[in-house]
Structures are given as C-alpha cells and as structure tokens.
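# Structural description and commentary
The primary structure of each chain is shown beneath.
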Amino acid sequence: MSADQVVEIALRTPARRGQSSALFSYRVPPRLRGLVLPGQLVWVPLRRRQVQGVVLTLCEQHNAAGTLRDVTDLADPEAVIPPDGLRLAQWTAGTYHVPLYEILVLLLPPGVSQESEVTWRATSAGVAVALGTLPERERAILYYVRTHGETSERELRRNLRGSNSDLREAYALLSERGLLMRGTVQRAPHVRPRMERLACLSVSTADLPTALADLERAPKQQAVLRWLADHVSEREERESENGARGTGDGEAVSATALSQPPVADHQPSVAVREIYAATGANLAVLRSLEQKGWLSLETREVRRDPLAGDGVSPDTPPQLTSDQRRVWEVIANALDERARVGHPDVAAQAVSLTAQPAPRRTFLLHGVTGSGKTEVYLRAIGRALRLGWQTLVLVPEIALTTQLIRRFAARFPGQLAVLHSGLSLGERYDEWRRLRRGEARLAIGSRSAVFAPLPRLGLIIIDEEHEPTFKHDSSPRYHARDVALHQGALTGSVVILGSATPGVESYYAARTGRFTLLEMTG
C-alpha cells in the first residue's frame, strides 16, 4: 500500500494562542500529486470555509486519508515561492516575531491573494414556501436570494437592513428549516494579466492593390486595410533608420501597440484599439477582413510597463577614476570568485550586523557624495549580468527618482524591473512575473523589493544603507537591509552596502572584519 503525501501549510488565518504562525497538515489527493510542491499557493478547507495557504514541506505518511483533510486545489500555478524564499521568510518571521504567512505574502505575486466568501441560495423548499408565513427579516433574505440567485453574505449585508449578528441569526434559522443552503465562492484575484486583441496584416505588398480593389463596395474594410498597410510601411522605415527594433532583450520602447513581436509572416501586430481610433471601424469590420484572409486577429498578453514612453537612449560606460578602479577591482574579484564557487549547496549561516559573514563577499562602500559610487554599482551589475545572474538594487523610497531609474535603464535597456509603491497593482504584478521568469534580470526598488522573485540572484546592492526608511514599522515589521544581508548568505550573493555616512552598526561591522571596508575619497 503506497503512502500518502502530506504537506504542512502556513494558512491565511490567525494563529492559535501561543503560536506565531497558523500551520496545519493536509493530505495531497491523487489528482494533485506532482503539482502540490513546497512554496506553492493552494486552497484548503478550514472549518466550513476555504482559505489560502503556502506549502512549507512535503512528506510521505501512511493512513493519512482518514485523519487529514485534502488540499482542495492550486490557487495560481505561477504563485510559487522558491526554496531560498521559503528559508528567507522563515528567518524573517522568526527574527521579527511576525506571523509567517504575512511574510510569505510578500514573496507572492502582488494582488494574487484571494478570499472565499460564504454564500446562501434557496433550496427547493425555500422556493416553494409562502413568503408571507415568515418573519420580516427572514422574508427579506429569502426574497432577495430567490430573486438574485446564490448571493454572498457581503452582498446581503450591503442590500438588507439589520446588523451582521441579526442577519447571521436569520441565515441560521432559515437553514435549520431547510429553506436556505450554505455555500462558498472564491473572490476573483485583484489583478490578472492584461490581454489585448491585436490585428496583423496577412496580405502581401504585391497583392495589396487587388485586395483594395475588391473592397470598393466595403469602404470601412478598405480603409482599415489601407491604414494597416501604411502603418506597417511607416514602421519598417523607422526600423530601417534605427537599425534595430526595440531594446536589447527584444522589447520595444515605442508607446504604440506595434510593441508586439512579429508573427510568422514578419508583419507586426497592431492593437485593434488603434485601428478603431484611426478608421472608425469596429470588431465586425475586422472579423469580415479576417474571414476573407486579409488580416488575422489574436489575443496576446500586454505588459504594463512603468517605463513606457520614457524613450531612454543607451549610454556608454565612462572611464573609471583611479579611486573607482581600485574598489571596482576588489568587487570584480569577489564576483569572479562567486562564479567559480557557485550557489551554496546548503543554507548558509545568517549574515547580519552581529553575525560573522564571509567578508570577501560583503562590502561596505564608503564614499562621499559625488565620489562615483553609482558607476561602481553599474560596473558590478554589468559583470553580474554577463555571468548570467540577476541583481537586486535597494534604494530608499525618497532616493528612487526618475533620474536614477533612467540611468539604470540607459545602461541596461530592456533588462530592468522597477518595484515601488508608486506603481499600479497591475504594473507591480507584471514586473514580478518578468523577474520570476528571468525576462528581467535587474530589480531596482524600495524596501519591499527585497522580497522580489530572483531565482538566479548573484548580486545585492543596498544604496544609502544607513537610511532609516529601510525599516518597515507596520506589520509585518522587518529591516530590509538585514533581510537583504541574510538573503545574500542564503544565495551566496555578493553584497554591496553603499553610503556617504554609513550606519554605526555597519561601520563597526566593517572595522571589525565582518564586512570588507572599501573607501572612496572622491
């Protein structure tokens, strides 16, 4: 008899008294074997409702079917925290005494968390009963449910009179009489991938005059075809002048809908909203052209780019000063040494301002304002990217200016993901997914970016490391600098803490050999 798979899950629910985290065990049903893995966000039953949780561990256990409840389903296949992220979350929760799930949420895609709601629907007896025989509140509830179908308690509270306790008492009475049946429904995620319908010209340049002639009696279709042909021609001329399309990783910086990659016939795709605006056409017109084989329609995911429209031109690295070269060579040697050793096979010892890290990989870069620390950062990032790693750059929110972001974007076009509170939820969701997939290899952001998904992390830079804004004072509490130091230990990354006025703790750690001190005099 084969053993059952059992998982320990941190749940999105208040912890039991005396516990810092709500941890429960569940059985993995046969249909989810191989899909439920550590780090996965799942749905599980808790009492009479469904809640979300993150799988922490998985093991084999005999006779679990009769004693444990089953995992219900995966919440989001992409919402997976890697092993280093789980260890980082457990360390952070233990160090700052906060519920584990509150930290795990920070490592999940923004907006992906969902809640289940209690719903009520009328039974066959509830449909047949005479409403006049019921008390006023119960009559109002049953009438509303019979009229609107299965309804959540949230909607009933919004539309009916009475306190929560009064309404719940009425639900219970109606349920006891067999007139209402309880259920649950999952709320939709707060954010989803943005999808856009695109059109692509299917007719060749040689066949275009014939196609336009055939559309003499369909002026709207003819206008669409002519506009598309002109638009494609203008696009090709611009590409010929620029010598290339888009940025270094194949993503275009144009604000137009031609930012999509070409299809097999080498014709670029255009957002149908642009066609509507230019020609006054509608979807029916485009469908007619599609049926005639002169254009194709498809739906693709469109990135919500926080840097769209900036038009940043790539820059050229300047010559280093002697001061910059001196510190850069030390950091470059550490990066090369990390490349030879690779990712640690086991969890490293905690690196903090009081622990003893490997000083060869943790640097305090002390340089006055204007001494050129940023160029050293850029050189280190360039070396890390060439070695195939991702890089995390933490900057205080007040210093995360458009000018700074543009400087990083100019040096590493198409490879930058920005994470800060000024972005919309959709932008943060798209940037998270780019980092998780490895499409973006450089993350720059404020303190919460320390939890960004970087599966190939090799370099961490903390600029203005002395800033108190790296402390998150509301729940869950944490210090982004110390979390980043521990993350560096877990991943074997090179860590650079930069400041013109280092914090006392950091400077003491460097003077006593826990960090390597690099000084720039300007």
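For the structure, see preceding data.
## Side note on the environment of Leu-173
Checked against the element boundaries, Leu-173 lands in helix α6 (residues 164-176). By relative accessible area, Leu-173 is classed as partly exposed at 32%. When the C-alpha positions of Leu-173 and Glu-138 are compared, they lie 8.2 Å apart, and in sequence the two are 35 residues distant.

## Details of the sheet that holds strand β9 (residues 195-201)
Pairing in this open sheet of three strands is antiparallel, and the strands run β10-β9-β11 from one edge to the other. Both outer strands of the open sheet, β10 (269-271) and β11 (295-301), are each paired with one neighbouring strand and no more. Averaged over all neighbouring strand pairs, the angle between strand axes comes to 40 degrees, with direction disregarded. One ladder, built from three bridges, connects β9 with β10; its direction is antiparallel. When the bridges of β10 are listed, Cys-200 appears paired with Ser-269. The strands touched by helix α10 (residues 283-291) are β9 and β11; relative to β11, the strand with the most contacts, the crossing angle is about 120 degrees.

## Looking at the pairing of strand β4 (residues 49-61)
Sheet topology places strand β1 (residues 4-11) next to β4; eight bridges connect them, and they run antiparallel. The residue bridging Asp-4 from the neighbouring strand is Gln-61, located in β4. Pairing geometry for strand β3 (residues 41-46) and β4, over six bridges, is antiparallel. Across the sheet, residue Leu-46 finds its bridge partner in β4, namely Arg-49. Between β3 and β4, which follow one another and run antiparallel, lie two residues, and Arg-47 among them has a positive phi close to 55 degrees.

## Overview of the nonpolar core
General note: in soluble globular proteins, nonpolar side chains tend to be found buried as a group. Leu-104, Leu-392, Leu-394 and Val-450 are the most contacted members of the largest nonpolar core, which has 49 residues in total. Residue contacts for Leu-104: discarding those within four places in its chain leaves Ala-10, Val-54, Leu-56, Ile-81, Leu-86 and Ala-89. Counting residues in each nonpolar core, the second largest holds 35 residues, with Ala-384, Trp-389, Leu-404 and Leu-416 among its members.

Each value, and the rule that gives it
Residues numbered from 1 in each chain as written. Predicted model: local features only at pLDDT ≥ 70, side-chain atom pairs only at ≥ 80, totals over all residues. Heavy atoms only, no water. Helix = DSSP H or I, 4+ residues; strand = E, 2+ residues; numbered from the N terminus. Buried < 20%, exposed > 50% of the residue type's maximum accessible area, 1.4 Å probe, protein only. Pairing = 2+ DSSP bridges. Axes fitted to C-alpha atoms, helices over the stretch in contact; angles between N-to-C directions. Contact = heavy atoms within 4.5 Å. Core = buried A, V, L, I, M, F, W, Y, C linked by side-chain atoms within 4.5 Å.

Treat this as a map of the structure, not an account of what it does.
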